[in-house]
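Breakdown of the fold
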Amino acid sequence: MDIAHFLFGIFGNVTALFLFLAPIITFKRIIQHKSTEKFSGIPYVMTLLNCLLSAWYGLPFVSPNNILVSTINGTGAGIEIIYVLMFIIFAPRREKAKILGLLTFVLTVFSTVALVSLLALQDKTRKLFCGFAASIFSIIMYGSPLSIMRTVIKTKSVEFMPFFLSLFVFLCGTSWFVFGLLGGDPFVFVPNGFGSGLGALQLILYFIFRGNKGESETKKPTDVESVEMGLPKPNQDKQSNNPNGSQVAHA
């Protein structure tokens, strides 16, 4: 049981690392254009919060036998901080202020959870408090593709739902789901079971509509859907060709 628990934790680390590195293509474009254009920085800041809370939860003095949860989420937090800082550097003034404000909120929430768990709670109550906090934001992170799935169904196209991203969402959620089951930890297997299920649904949709990529040209995702996918908002191409287009703040 211990060996299987460890192996699924290692596999979860690998698949989660692929997920964290997926936005590199987006940031390569941002650096080349020296502008965030109409990309949203919100997903990176919220993923940072999820990583910080999950890394804290996995520490031995909070929840024993979950150090592999801390290793990957600590790594993820470092990667997300780089993304957020790069976004702030290249974002227009109003967007920069918004992301800085959200980053301040994220750091405040994490600091509050960490301090309360250290100074006011012990043992089981500390694990419960930190576990609930980490689980809530994990479910929020996994739930973000729901609008993408709605777009796929409406447009009958998978253009805006990359296969490998969906695959690694499924593999990551499944591996951590099994890891949590083997360790008897509901704060690990519940949110990741949710993520595994959503990943499976994305893959099913992909195989149903995979031959219809061209049909989405007539229907672009909405602003909210674009934000959650990490894609530029509609009309970005027109605005990015305008020298002042990158200065338009998010709605």
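On a predicted model such as this, the values are computed, not experimentally measured, just so you know. (Residues numbered from 1 in each chain as written. Predicted model: local features only at pLDDT ≥ 70, side-chain atom pairs only at ≥ 80, totals over all residues. Heavy atoms only, no water.)

Okay, unusual backbone geometry next. Phi at Asp123 takes a positive value of approximately 45 degrees, unusual for a residue other than glycine. By the element assignment, Asp123 lies in helix H6 (residues 123-143). Exposure remark for Asp123: the relative accessible area of 60% places this residue in the exposed category. At Lys156, a position not held by glycine, the phi torsion is positive, near 55 degrees. (Helix = DSSP H or I, 4+ residues; strand = E, 2+ residues; numbered from the N terminus. Buried < 20%, exposed > 50% of the residue type's maximum accessible area, 1.4 Å probe, protein only.)

Our next topic: the nonpolar core. The biggest cluster of nonpolar side chains holds 44 residues, and the ones touching the most others in it are Phe27, Leu53, Tyr57, Val84, Phe87 and Trp176. Contributions of two or more residues to this core are made by helix H1 (2-21), helix H2 (24-33), helix H3 (42-57), helix H4 (67-90), helix H5 (93-119), H6, helix H8 (163-183) and helix H9 (186-209). Here this core gets 10 residues from one element, more than from any other, and that element is H4. Those residues in contact with Leu53, other than ones at most four positions away along the chain, are Phe110, Val113, Ala133, Ala134 and Phe137. (Core = buried A, V, L, I, M, F, W, Y, C linked by side-chain atoms within 4.5 Å. Contact = heavy atoms within 4.5 Å.)

It is worth spelling out the packing of aromatic side chains at this point. Both the distance between ring centres and the angle between the ring planes are used here to describe each pair of aromatic rings. Evaluated as defined, the whole model comprises 14 aromatic pairs. Centroid distance Phe27 to Tyr83: 4.8 Å. Interplanar angle 5 degrees. Geometry classified as stacked. Of this pair, Phe27 sits in helix H2 while Tyr83 sits in helix H4; the two residues are 56 residues apart in sequence, bridging distant segments of the chain. Phe27 gets classed as buried once you look at its relative accessible area, which sits at 2%. Look at Phe163 and Tyr206: their rings are 5.0 Å apart centre to centre, the planes differ by 50 degrees, and that puts the pair in the tilted class. With Phe163 in helix H8 and Tyr206 in helix H9, this pair connects stretches of sequence that are 43 residues apart. Accessibility expressed as a relative area gives 12% for Tyr206, which makes it buried. An aromatic cluster of at least three residues, connected via ring pairs, comprises Phe163, Phe164, Tyr206 and Phe207. (Phe/Tyr/Trp six-rings, centres within 6.5 Å; stacked < 30°, edge-to-face > 60°.)

Before going further, it helps to spend a moment on H2. Here H2 has its buried residues at Thr26, Phe27 and Ile30. Buried residues of H2, viewed axially, fall in a sector of 90 degrees; they line one side. Counted as exposed and oriented over 90 degrees from the buried face of H2: Ile25, Lys28 and Gln32. Close packing links the buried residues of H2 with H3 and H4. Within two residues after H2, Lys34 carries a phi angle of roughly 55 degrees, on the positive side. (Arc of directions from axis to C-beta.)

This part takes up the pattern of salt bridges. If charged atoms from side chains of opposite charge come close, those side chains can pair. Summed over the entire model, instances satisfying the criterion amount to one salt bridge. Residue Lys98 pairs with Glu95 through a salt bridge whose shortest N-O separation is 3.3 Å. Within this pair, Lys98 and its partner Glu95 are both found in helix H5, separated by three residues, close to a single helical turn. Of the residues examined, Lys98 reaches a relative accessible area of 34% and is grouped as partly exposed. (Salt bridge = Lys/Arg side-chain N within 4 Å of Asp/Glu carboxyl O.)

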